[in-house]
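# A closer look at the structure
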Amino acid sequence: MASKRIGRIVKINGNMVTAEFYTFCVQNEVAYILHGQERLKAEVIRIKGKAAEMQVYENTGGIKIGEKVEFTDELLSVELGPGLLGQIFDGLQNPLPALAEKSGFFLKRGIYLEALPDNAKWDFTPIAKKGDSVRAGDKLGFVPEKRFKHYIMAPFDLRGNLEITKIAKKGTYNLKEPITELKDEDGKLHEVFMQQIWPVKIPITAYSEKLKPKKPLVTKMRVIDSLFPVSRGGTYCIPGPFGAGKTVLQQLTSQHAEADIVVIAACGERAGEVVETLKTFPKIKDPKTGKPLSDRTVIICNTSSMPVAARESSVYTAVTIAEYYRQMGLNVLLLADSTSRWAQAMREMSGRLEEIPGEEAFPAYLESRIASFYERAGEVRLHDGTFGSVTIGGTVSPAGGNFEEPVTQATLKVVGAFHGLSRERSDARKYPAIDPLISWSKYKSFINDAELRKGHQILRKSHDVAQMMKVIGEEGTSLSDYTDFLKGDFFDFVYVQQNAFDKVDESTIEERQKYIFNSIYNILETEFDFTDKDDAMHFFQKLKQEFRGWNSAAWESAEFKKTEKDITSLISGKRSAQLK
Amino acid sequence: MRKVYTDIIQIAGDVITVEAEGVGYNDIAEINTSRGASLAQVIRLDGKRVSLQVFAGSRGISTEDKVSFLGHPMRIASGKNLLGRIFNGSGVPLDKGPTLSENVVDIGGPPVNPVKRIIPDKMIRTGIPMIDVFNSLVVSQKLPIFSIAGEPYNDLLARIAIQAEVDIIILGGMGLKYDDYLFFRDTLEDQGALSRSIFFIHTAADPTVECLLVPDISLAVAEQFALQGKRVLVLLTDMTNFADALKEISITMEQVPSNRGYPGDLYSQLAARYEKAVDFDTAGSITILSATTMPGDDVTHPVPDNTGYITEGQFYLKNGVIEPFGSLSRLKQQVNGNTRDDHRTIMNTMIQLFANYRETVEKQAMGFQMSPWDNKLLKYGKIFEKDIMSLEVNIPLEKALDRGWQIMAECFTSEETAIKKSMIEKYWPKK
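## Brief notes about the overall build of chain A
In terms of regular secondary structure, chain A is built from 14 helices and 26 strands. Against the compact-globule benchmark of 25 Å for 580 residues, chain A has a radius of gyration of 27 Å, which places it among compact chains. Expressed along its principal axes, the backbone C-alpha trace of chain A runs to roughly 90 × 55 × 40 Å. The buried share of chain A, taken over its 580 residues, is 60%. A fraction of 70% describes how many contacts in chain A between residues 6 or more apart in sequence connect residues 24 or more apart. Summing over all exposed atoms, chain A offers an accessible surface of approximately 23,300 Å²; the carbon and sulfur share of this is 51%. In chain A, 79 positive and 78 negative side-chain charges are present, and the distance between their average locations comes to 3 Å.

## Topic: the overall build of chain B
The helix and strand tally for chain B stands at 12 helices and 23 strands. Referenced to the eigenvectors of the C-alpha coordinate spread, the extents of chain B come out at roughly 85 × 45 × 40 Å. Across the 431 residues that make up chain B, the buried fraction comes to 58%. Residue pairs in contact within chain B that sit at least 24 positions apart in sequence constitute 71% of those at least 6 positions apart.

## Observations regarding the domain arrangement of chain A
Assigned domains within chain A: domain 1 (5–75), domain 2 (79–100 + 208–441), domain 3 (121–194) and domain 4 (449–579). When each unit is reduced to the centre of its C-alpha atoms, the spacing between domain 1 of chain A and domain 4 of chain A is 63 Å.

## Some details on the interface of chain A and chain B
At the interface, 59 residues of chain A touch 58 residues of chain B. Summed over both partners, the interface of chain A with chain B buries about 4,800 Å², with 58% contributed by carbon and sulfur atoms. If you sort the residues of chain A by the area they bury against chain B, A:Phe105, A:Phe242 and A:Arg270 come out on top, with a joint share of 18%. One can count one salt bridge joining chain A with chain B. Between A:Arg352 and B:Asp265 there is a salt bridge, and its shortest N-O distance comes to 3.7 Å.

## Notes on a negative patch on the surface
Residues and elements named next belong to chain A. Taken together, Glu474, Glu475, Asp532 and Asp534 make up a surface patch of like negative charges. In this fold, aspartate 534 is placed in helix 13 (residues 533–551). Residue class for aspartate 534 comes out partly exposed when judged on its relative accessible area of 45%.

## Focus: the confidence of the model for chain B
In this model, chain B carries a mean pLDDT of 92, and residues with pLDDT of at least 70 account for 100%. Per the prediction output, this complex has pTM 0.93; the corresponding ipTM is 0.89.

## Re a nonpolar patch on the surface
Together, A:Met468, A:Val471 and A:Ile472 make up an exposed nonpolar region whose accessible area comes to about 280 Å². Mapped onto the elements, A:Met468 comes out in helix 10 (residues 449–472).

## Topic: helix 12 (residues 510–525) of chain A
Residue and element names in this part refer to chain A. With 16 residues, helix 12 should reach 22 Å at 1.5 Å per residue; the first-to-last C-alpha distance of 22 Å fits that figure. Among all positions in helix 12, only Arg512, Gln513, Ile516, Phe517, Ser519, Ile520, Ile523 and Leu524 are buried. End-on, the buried residues of helix 12 take up no more than an arc of 165 degrees, which puts them together on one face.

## So, the packing of helix 6 (residues 266–274) of chain B against helix 7 (residues 302–310) of chain B
Residue and element names in this part refer to chain B. For the pair helix 6 and helix 7, the least separation of the axes is 9 Å and the interaxial angle reads 50 degrees. Considering the angle they form, helix 6 stands oblique to helix 7. Note that helix 6 runs across helix 7; the crossing there is right-handed. Across the interface between the two elements, Leu266, Tyr267, Leu270, Ala271 and Tyr274 from helix 6 touch Pro302, Val303, Asn306, Thr307, Tyr309 and Ile310 from helix 7. Taken together, the residues of the contact of helix 6 with helix 7 sort by class into nine nonpolar, two polar and no charged.

## Regarding the environment of B:Pro111
Within the secondary structure layout, B:Pro111 lies in the loop between strand 10 (105–106) and strand 11 (123–124). Taking C-alpha positions, B:Pro111 is 36 Å from B:Arg340, a pair spaced 229 residues apart along the chain. In this structure B:Pro111 touches A:Phe105, A:Phe106, A:Leu107, A:Ser305 and A:Met306, once residues within four positions along its chain are discounted.

## What to know about the pairing of strand 21 (residues 297–302) of chain A
All names here are of chain A. In terms of burial, strand 21 is largely enclosed, as six of its six residues are buried. Where burial is concerned, the two faces of strand 21 agree: the one with Thr297, Ile299 and Cys301 and the one with Val298, Ile300 and Asn302 are both buried. Direction of pairing for strand 8 (residues 88–89) relative to strand 21: parallel, over a ladder of two bridges. In the sheet register, isoleucine 88 faces strand 21, and the bridge partner there is isoleucine 299. Direction of pairing for strand 20 (residues 261–267) relative to strand 21: parallel, over a ladder of six bridges. Note that in strand 21 the partner of isoleucine 264 across the bridge is isoleucine 299. On the question of chirality, the crossover connecting strand 20 to the parallel strand 21 by way of helix 4 (residues 271–280) is right-handed.

## Here we look at the nonpolar core
Most often, soluble globular proteins have nonpolar side chains that are buried together. Of all hydrophobic cores here, the largest spans 80 residues; its most connected members are A:Leu80, A:Val263, A:Tyr324 and A:Tyr325. Considering every element that reaches this core, the biggest residue donor is helix 5 (residues 309–326) of chain A, with 10 residues.

## Details of the pairing of strand 15 (residues 197–203) of chain B
All names here are of chain B. Judged by how many residues are buried, strand 15 sits mostly within the fold: seven of seven residues are covered. Neither face of strand 15 is open: one carries Ser197, Phe199, Ile201 and Thr203, the other Ile198, Phe200 and His202, and all of them are buried. Where strand 9 (residues 86–88) meets strand 15, three bridges bridge the pair, whose relative direction is parallel. Bridged to isoleucine 86 within strand 15 is phenylalanine 199. By the bridge criterion, six bridges tie strand 14 (residues 168–176) to strand 15 in an arrangement that is parallel. Across the sheet, glycine 173 pairs through a bridge with isoleucine 201, a residue of strand 15.

## What to know about helix 11 (residues 397–411) of chain B
Residues and elements named next belong to chain B. Counted at 1.5 Å a residue, the expected span for helix 11 with its 15 residues is 21 Å, and the 21 Å between its end C-alpha atoms agrees. Taken together, the buried positions of helix 11 are Leu397, Ala400, Leu401, Arg403, Gly404, Trp405, Ile407, Met408, Ala409 and Cys411. Its buried side turned inward, helix 11 meets strand 11, helix 1 (129–132), helix 9 (343–365), helix 10 (372–389) and helix 12 (421–427).

## Quick look at the packing of aromatic side chains
Ring pairs (aromatic) are described by centroid distance and by the angle formed between their planes. For the structure on display, the rule yields 47 aromatic pairs over all chains. Ring geometry for A:Phe418 against A:Trp440: centres 5.8 Å apart, planes inclined by 50 degrees, an arrangement best described as tilted. Of this pair, A:Phe418 sits in strand 25 (residues 417–418) while A:Trp440 is found in strand 26 (residues 440–441), placing the two residues 22 residues apart along the sequence. A:Trp440 gets classed as partly exposed once you look at its relative accessible area, which sits at 28%. When the centroid spacing of 6.2 Å and the interplanar angle of 85 degrees are considered together, the rings of B:Phe146 and B:Tyr316 count as edge-to-face. With B:Phe146 in strand 13 (residues 142–147) and B:Tyr316 in strand 21 (residues 313–318), this pair connects stretches of sequence that are 170 residues apart. Note on B:Tyr316: relative accessible area 17%, which makes it buried. Taken together, the ring pairs in this structure connect A:Phe490, A:Tyr515, A:Phe528, A:Phe530, A:Phe539, A:Phe540, A:Phe547, A:Trp550, A:Trp555 and A:Phe560 into an aromatic cluster. In this structure, A:Lys149 is placed above the aromatic ring of A:Phe142, and the distance from its NZ or CZ to the ring centre is 4.6 Å. Above the plane of the ring of A:Tyr495 lies A:Arg222, whose end atom (NZ or CZ) is 5.4 Å from the centre.

Reading the values: the criteria
Counting of residues starts from 1 at the beginning of each chain's written sequence and follows it residue by residue. Chains and ligands are labelled by the order in which they are written, letters from A for the one and numbers from 1 for the other. Under the rules for a predicted model, residues below a pLDDT of 70 receive no local features and side-chain atom pairs below 80 are neither given nor counted, while totals for whole chains, interfaces and linings still include all residues. The side-chain quantities take in all heavy atoms of the structure and omit both hydrogens and water. Each helix is a run of DSSP H or I of at least 4 residues and each strand a run of E of at least 2, with the numbering of both proceeding from the N terminus. We compute the radius of gyration from the C-alpha atoms alone; for a globule the expected value is 2.2 Å times N to the 0.38, where N is the number of residues. For every residue, the accessible area (1.4 Å probe, protein chains only) is compared with the maximum for its type, and the residue is labelled buried under 20%, exposed over 50%, or partly exposed between those bounds. Here, two residues are considered to be in contact whenever any of their heavy atoms come within 4.5 Å of each other. Accessible surface is estimated by sampling points in the Shrake-Rupley manner with a 1.4 Å probe; for residues, cover comes only from the protein chains shown. The charge count includes Lys and Arg as positive and Asp and Glu as negative, but it does not include His or the ends of the chains. For charged residues, the charge sits on one atom: NZ in Lys, CZ in Arg, CG in Asp, CD in Glu. Domain start and stop positions are those given by an automatic or database domain assignment. Here the buried area means the combined drop in accessible surface, using a 1.4 Å probe, for two parts upon being joined, counting both sides. Here, a salt bridge means any Lys or Arg side-chain nitrogen found within 4 Å of an Asp or Glu carboxyl oxygen. Patches here: salt-bridge-free residues with over 30% relative accessible area, like charges joined within 9 Å, nonpolar side chains (Val, Leu, Ile, Met, Phe, Trp, Tyr) joined within 5 Å. A residue's pLDDT is simply how confident the predictor is in it, with values from 0 to 100. To estimate how far a helix should extend, the number of its residues minus one is multiplied by 1.5 Å. Picture the helix axis, draw a direction to every C-beta atom, and the arc is the one those directions span. Axis angles are defined between N-to-C directions and span 0 to 180 degrees, where every axis is a line fitted to C-alpha atoms and, for a helix, only to the segment in contact. Angles are sorted into four bins: roughly parallel if under 35 degrees, roughly antiparallel if over 145, roughly perpendicular if 65 to 115, and oblique for all others. Should the near helix be turned anticlockwise from the far one by less than a right angle, the crossing is left-handed, and should it be turned clockwise, the crossing is right-handed. Residues are grouped as follows: Ala, Val, Leu, Ile, Met, Phe, Trp, Tyr, Cys and Pro are nonpolar; Asp, Glu, Lys and Arg are charged; all remaining types, including Gly, are polar. Strands were regarded as paired on the criterion that DSSP finds at least two bridges between them. Seen with the strands pointing away from the viewer, any crossover whose path from the first strand over the helix to the second strand runs clockwise is right-handed. By nonpolar core is meant a set of buried Ala, Val, Leu, Ile, Met, Phe, Trp, Tyr and Cys residues that side-chain atoms within 4.5 Å join together. Stacked, tilted and edge-to-face are the three classes applied to pairs of Phe, Tyr and Trp rings, where Trp contributes its six-membered ring and a pair requires centres within 6.5 Å; stacked means planes under 30 degrees apart, edge-to-face means over 60, and tilted covers the rest. In this scheme, the term charge over a ring applies when either NZ of a lysine or CZ of an arginine sits within 6 Å of the ring centre and within 35 degrees of the ring normal.

In structure tokens, the structure reads:
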């Protein structure tokens, strides 16, 4: 065993520290700064001559020139294995509750704990047997984790076909006991543990092929599922000015979305919001399983006052964990809030590296970094023929609420759906504030095309008429235009908007969305006999009120059916005579 | 024995560079000049070259002046002895009291572990209906007042400070006009609140760099009190000056500016301060109210924009009143459900009607004819502005809710308000 490679600090600028090394140095390897008793984690991000420039994942206060640096030859990695679900980690995968036990109220620097405790025992059941031939990512056995079968897989970094030479019997093991031994094509033996270490910046690709996203990921948010859908394995982004409700939208999605596992990356945002998630999720029951939501959630949190460099790693840590569960054939949803803070972290480092700045001082590689992050999403066919997916939804916080800025633009190029939040809609207390006139999606909706087209068209028409009315007044508008305006307004009010404080209305299942959309479509296609504009306005006011009641009536309940009847009779009273 | 260095090799802006060894990053140094002593902080280390930002400014520093390093980061005394005292941005007493050196703590300490925070659920009553009724302030909230220069934001801060039920008030003044400082001092003294207050004052005449320390010092002291179970209110005015000081230093250090000359880490810098607001699990709390002046009333300016992404809402102060649209308390939902059962009804209905009133005013200005409904709205809007919106109104929440019902009854029939029947039966004033 060679002695550890060391270096000496020669320059400190914020969280960028330069060390002189003596032998060799590996790009992106992890290094530790030895400051008294403290060991501060850092990553080498540029090498110039004999100088290694490192970003430090901790506050650099007190560090001195000449202090020792230890290089590890390892890339920044995470521990993958049973015990991740329900956990709350920081950007470097330190479990926060355990940190709190150890060091109290504050996050003291230089303390790193095991993400997955080595001594935790798990009940292992083998499914492969001695002599079987396996590839990287193939399932060897499983342990129960919460309500899932957590598969133990052949390490993702192995190549070619391997033979199982030993496999543990059904029983209880900890993470440091080998459960399988594999022989590779060169005859070399590999011990397999229930835990794997994987570098966060490299995607896990132990599957047979990546597929085109087709199946819808139901979020139970009507405007998303029906109008601007997201597919399993797809990507979407939510840009919006502050206060437009990005985080609320993410929180509700994390509760209601039909995914097996939700990974939340709270990246550079308020600590208060994370606190809300982590204190309420254990208490909220998943309607499908009756188990607490925290059982299917992993939270990675690097809030805005935590060290900036770890903000970047938090996004990668989250996506690596998501990919890991995808390998087990699960559907994973990754919510990143907010990707702008991650981009800003890159900008800070780029500034300290004195790189030539691009637009708004963001580095030139901003776009490629964002693209390669979103490209880690996808639905895949695994070697055993089952499917798994990672869907990524990221919020963007554009400076000044202006979508022309670099992060929003770079993101729009690579995502499959765009849910743009607008200040006007949030000021008018329209929730969710997703603006149907600017948003788009490349994925297929479960609403049929004709109905969907009508929906989009009436929203645009209504908006146009409303603009026109601002100039020429209500008097100058024709009754038919005015009716279209009211129809669009009605559609917006009863379908696009959703009441987040109503137990029923806050989440709408797919079947119900199709049903309601169809009945709205029929109304939009109906010609009405109105005597004048006042008559039309009153009719739609009544209709809105009825629909609001309908929206908060439980699906297929007596009240639901009764309200539906009331609506039908209300409409037939006003239907144009020639169509009756 | 501290080693003294005299090799100042560069002086640019308020940053000096000296050759020295064994210096810790962010450590504090003392510079002795013929015109007095000043503290300075290490902001860059490059081999032997140590760059320091000088809190008192670099004017009058000679290349032969003596620099000695104290071997620790910026520290401040904390504890009860500070109460009623007034200091400058470096913690030097401005009153005639003694210099304090007990319970010294490092400023800019580590962040709070999120799992040790609790979901805030205690309301801070201010007696201002626009806050209590419509955008309730919550313990541990961080909330700026957005306004243009010239608006009475300091008056508002002082009023909230006096009326809020908190144990300790800490005022961090940045670029404060001297008469504003006197105003704060006199107001708190008149109201008998000075004995539970601590001032850290950087006035407009003081060197810019010193302003950078004010939030950190104020919050470090606040944190110590909060850990002892105290409820602390920190007032920071004006955070735009703080951001401008950051800009000045970063330009001097030849950093690449990101947006309108502000450094790329403006968000992180502001967040590091605002995120000190906390409600500790099993200890006290820190609530932060700040003033952020918006150059040119432009909310997309980098300072208010970044602030808005960090804080939990904002109060818009415009034409001397808190503007209901644009103002937002993100935490109000945590508390306004447990006050009186009509709180949310009043909040929603009165704002909706007021929005209608604003539309009517616009219509009126454009010369459209006023309907009877329009006239009702006009009447309502006028009373609302006078009895609810004006900052002169000072009534407890319950009185404000009662007044709300009265105003609506004066102007509308109960059906016109579209309030739920059960609420109307319980609260609608009977003739």
